[in-house]
Amino acid sequence: MGFSERITRLPVAFSSELGDEAAARIPDTRDQFRALVRGAAGSAPFLAELMRKEAPWIARLDRTSPEALRDEILASHFTSSDLATELRQAKRRIALLCGLADLGGVWPLETVTQCLSDFADLAVHNGVTTLVSAAISRGILPGLTEEDAAQAGGLCILAMGKHGAGELNYSSDIDLICLFDETRFAPSDYDTARAGFVRITRQLTALLSDNTDQGYVFRTDLRLRPDAAVTPVCIAMEAAERYYESVGRNWERAAFIKARACAGDIAAGQAFLDRLRPFVWRRHLDFATIEDTHDMRLRIRDHKGLHSDNIDGRNIKLAPGGIREIEFFAQTRQLIAGGRDPSLQKRGTVEALSALAGAGWIPSETAETLTLCYRDWREIEHRLQMVADAQTHSLPKKPDDFRRLTNLMGREDPDQLRDEIRNRIDTVSHHAVEFFEPAQPPSEALSEIQTYLAKWRGVPALRSPRSVAIFKRVFPGMLERFRAAKDPDAALVAFERFIAGLPAGVQVFSLFEANPDLVDLFVDVCTASPDLAEYLSRNAKVLDAVIAGEFFTPWPGVAVLKSALDQELAKEEDYEAKLDQARRWKKEWHFRSSVHFLRGLTDSQEASIEYGDIAEAVVMALFDVVTEQFSKKHGVPPGRGAAVLAMGSLGAGQLNTRSDLDLIVIYDPGEAAQSDGLRPLSIRPYFARLTQALITAITAPTAEGKLYDVDMRLRPSGQSGPVATSLAAFDSYQKTEAWVWEHLALTRARALAGAPSLLADIEAVRTDVLSAGAGAAQVFEELGQMRKRLFDARPGRAPWDVKDGPGGVQDIELFVQALALLSGALTRRAPEQIEAATTTKFIDVAQARQLSASLDLLRHVQSATRLLGTAPLSETSLSGSGWQIVLRVAGCESQQHLQDKIEECRNWAAKLINSTLPPLPEEAE
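None of these values were measured; they are calculated from a predicted model.

The rules behind the values
- Residues numbered from 1 in each chain as written.
- Predicted model: local features only at pLDDT ≥ 70, side-chain atom pairs only at ≥ 80, totals over all residues.
- Heavy atoms only, no water.
- Helix = DSSP H or I, 4+ residues; strand = E, 2+ residues; numbered from the N terminus.
- Expected span 1.5 Å × (residues − 1).
- Buried < 20%, exposed > 50% of the residue type's maximum accessible area, 1.4 Å probe, protein only.
- Arc of directions from axis to C-beta.
- Contact = heavy atoms within 4.5 Å.
- Core = buried A, V, L, I, M, F, W, Y, C linked by side-chain atoms within 4.5 Å.
- Polar contact = N/O pair within 3.5 Å; in protein donor to acceptor, adjacent residues only side chain to side chain.
- Axes fitted to C-alpha atoms, helices over the stretch in contact; angles between N-to-C directions.
- Parallel < 35°, antiparallel > 145°, perpendicular 65-115°, else oblique.
- Nonpolar A, V, L, I, M, F, W, Y, C, P; charged D, E, K, R; others polar.
- 1 Å grid on protein atoms, 1.4 Å probe; cavity = no way out; pocket = protein on both sides within 12 Å on 5 of 7 lines; lining within 4 Å.
- Points joined across faces, edges and corners; volume = space filled by probe spheres on them.
- Pairing = 2+ DSSP bridges.
- Right-handed = clockwise from strand over helix to strand, strands pointing away.

Participant: Teacher, can you tell me more about helix H26 (residues 558-570) here?
Facilitator: In an α-helix, one full turn covers 3.6 residues, which means residues spaced three or four apart are oriented alike. In this model, H26 (13 residues) spans 18 Å end to end at C-alpha, consistent with the 18 Å of a helix rising 1.5 Å per residue. Of all the residues in H26, the buried ones are Leu561, Lys562, Leu565 and Leu569. Looking down the long axis of H26, one finds its buried residues gathered within 100° of arc, a one-sided arrangement. Of the exposed residues in H26, those oriented more than 90 degrees away from the buried face are Ala559, Gln567 and Ala570.

Participant: Where do I start with the side chain of Ser4 in this structure?
Facilitator: In this structure, Ser4 sits in the segment before helix H1 (16-24). Ignoring anything within four residues of it in the chain, the contact list for Ser4 reads Arg30, Gln32, Phe33 and Asp62.

Participant: Explanation requested: the nonpolar core in the structure shown.
Facilitator: Phe495, Phe512 and Leu898 are the most contacted members of the largest nonpolar core, which has 159 residues in total. Discounting chain neighbours no more than four positions away, the residues touching Phe495 are Trp456, Phe471, Phe475, Met478, Phe482, Phe522 and Cys526. Within the second largest apolar cluster, 80 residues are counted, among which are Phe3, Ala48, Ile157 and Val233.

Participant: Would you explain the environment of Asp148 in this entry?
Facilitator: By the secondary structure assignment, Asp148 is in the loop between helix H7 (109-137) and strand E1 (155-159). On the basis of relative accessibility, which here comes to 16%, the residue Asp148 falls in the buried class. Leave out the neighbours within four places in its chain, and Asp148 touches Ile136, Gly143, Gly153 and Arg184. Within the structure, the side chain of Asp148 is placed 2.8 Å from the backbone nitrogen of Thr145, a separation counted as a polar contact. A polar contact is formed between the side chain of Asp148 and the side chain of Arg184, at a distance of 2.9 Å.

Participant: For this particular structure, what's the right way to read the packing of helix H27 (residues 575-598) against helix H28 (residues 604-634)?
Facilitator: Relative orientation and spacing of two packed helices are given, respectively, by the angle between their axes and the distance between those axes. Running from amino to carboxyl end, H27 crosses H28 at an angle of 175°, the nearest separation of the two axes being 10 Å. Looking at the two axes, H27 sits roughly antiparallel to H28. Facing Tyr575, Lys578, Leu579, Ala582, Trp585, Lys586, Trp589, His590, Arg592, Ser593, Ser594 and Phe597 of H27, the residues of H28 in contact are Ser604, Ala607, Glu610, Tyr611, Ile614, Ala617, Val618, Leu622, Val625, Val626 and Gln629. Among the residues making up the contact of H27 with H28, the classes are represented as 14 nonpolar, five polar and four charged.

Participant: What is the right way to look at empty space enclosed by the protein in this model?
Facilitator: The gaps of empty space that remain are located by a probe, the size of a water molecule, rolled over the atoms. Taken as a whole and assessed by the stated rule, the structure comprises seven cavities of 30 Å³ or more. Approximately 40 Å³ is the volume attributed to the second largest cavity. Considering the residues around the second largest cavity, the lining is formed by Ala652, Arg748, Glu813, Val816, Gln817, Arg828, Arg829, Ala830, Gln833 and Arg859. For the lining of the second largest cavity, the secondary-structure elements that each account for two or more residues are helix H35 (809-823) and helix H36 (830-837). Considering each element in turn, the lining of the second largest cavity owes the most residues, three residues, to H35.

Participant: When you look at the pairing of strand E7 (residues 661-668) in this model, what are you seeing that I'm missing?
Facilitator: Side-chain direction in a regular strand flips from residue to residue, so the side chains alternate between the two faces of the sheet. Of all the eight residues making up E7, eight are buried; the element is thus mostly covered by neighbouring parts of the structure. Alternating residues of E7 divide into Leu661, Leu663, Val665 and Tyr667 and Asp662, Ile664, Ile666 and Asp668, and every residue in both groups is buried. Two elements, strand E6 (residues 641-647) and E7, share seven bridges in a ladder whose sense is antiparallel. Bridging from a neighbouring strand, Ala643 pairs with Ile666 of E7. Traced from E7 through helix H30 (residues 683-699) to strand E8 (residues 710-711), the parallel crossover comes out right-handed.

In short, geometric facts, not functional conclusions.
Structure follows, in structure tokens:
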């Protein structure tokens, strides 16, 4: 379809004389196209001048698609000796094409701005490669040949701002950062190369910016480069990286959201941007950026004097409610969360608003409203600039000039346009103020805040003026929520412990200020679990997970967790960084499960499975990482390598918040005698050291803490045996030497990580052992002896103890494992093992149900207690809210009801076990 058939709107000619003159130059075009030309030229003298210079060319547009003419220009190969003239002619045509397509409604805003940006890429790339080619031929760039000119000899141009985002406005300048790849030059040639690239950059700026009788291509701004006041116009990539890593500021992070390698050595430029990603996209949510951006907004207003409420003369880019407010609104949220959510890493403003809505950071209605406002502002901006090709964003002050703008927009009534602009300012300002300018506390609250600040004087989190300022805004609301809690005194004490443990306060207080719902959750944690609140003070970054979008989604399961952790670890190049990332990841997911349990979204059974899934994902992921790292030095694991066998609670897939991990490492070297790495090892030392590396990776305290404690005493021969066991030795030991207690442990064993065939063979050994059938007399006799040793080690127990002693969790679990061994059941979890035991003569269906119910109750109490604190459960060990959680999970109405129920369950279970097992020695006497 030709251009004329796609015209949907027409500007009105402010000057009929200019409009008729332009239309007369294209007599053989259709009426609709001439009407567009008449209106455009009649209201925009700059467009009229372009039409005078390019009348024959623009007449082609009547019956040709705008895309065809655009592509013709963008496919141009500028080969003449007068590159400056060629580029200026091409710019005139692109400007004329975009202006008419915009005014006629043929192209939407995004197509117009992308076309202008694409032409800027073309102009910059042709300019820089031509200049570099000339410099190489003159020997200015040492060591380079003509073949290097296509990639500009390692010189890369980064497009910043609207150019980088594909959003160039009609008469925009282009913001560029010029860098060169210093690795392409010998150290002795560095200074010469740098001087050559500085000269080329200045030549490029003149080529594009000089306003000749043919016009100019683009005004060029190089001030976004690192430390622009003192650095040359082109600097080495390595120097730029050092700058951003050491002193880069938030406004520079925001600038690099839109950054794009647009010309020269594109690959080197993209590699530079990839290396800069940790600076731009921080791993953790960064709500302090809100205040930084707000301060920047205020400085812009003060510097530019933009406080006036007048419409006439108003700057629609920088004044409140304008374009920059919308850009700040989107970019700030991108900087807050983009490091965690790559879907937010969009260059374009409209794209960013859509992504933020899709990820739940802003309401869809807000994104739609601001998108409409942004597009409307940009269209007005374009028409302001079309009038005289001025880089202006200010509305006209004179009535005639405002009418000219109104006519260029196809309108007749300036007052109606003013009313629409006022409404748009109010709409954008409302969203910006709501986000950037939080309400200050009332004056009556300030004295109380000062009292707390005096009490907490010296706390690191409240040392900086900035953190105190944010604290003053956020704490009154928090204090109100604390006082409404079930146990306000305990909540405040927990909060005091929380802030006392914070190394700094700006990020955390900013996070609370921006997320009121998070304050409610935090109050719940403080009131229920002072121990968890103290943990948060040391690991406050786990709060990021609460607002990262998926905190309250259904549990994903171990396969998804493992895949997610693998992806996170793959982002880290350094081995130690991988270990730190595994610890951060585990903390976030542990915190999620803990909060869900505290708030009653899951019960203790579900929570224990979730903790088990997290641990399983960590062990499997780190096993891969450790094996890869170990292989670099000593070679890949011989044969089928090693496998991790989970025992105890991890084998059963049910942990609590303080569980350690019982692990065994089993290997199958095949026929190999040693590994084949740079430093080969014989088989036993190889797998022993690999096992030790795995345990260290899990248990070693790094900057992010440790993951789990690991217990390997369940391996063959216990502490006296080797830390890693061959499959053949494991098979032989289990079938000929193992004690009954080791077979009991095998009832919960599960192979997690390693070659699938090796995992299958380990499971086959387990199946053989458990299916072989065991003598009840021997099993019960040895179980009785184990019970005596356990009871002797802890002869007394507290009234609320649910673990130790007759009828406790440990006693029931050992009994259930014995039943599983006798029944030959291969299932690993206690409820299924109890059900399977009803096929034996030792327990009937009714007893099985009651035994499961008793174990469930005791485990519920144990799980809640482990989550809420480290102290043994007692009447005073928990706050009122903590006790409410324990009672809720136990289904009891009061502490006395719970105590009676625990005693009843324990006595019944002990009686059942005692009636099944041989009497203890003292009972026999």
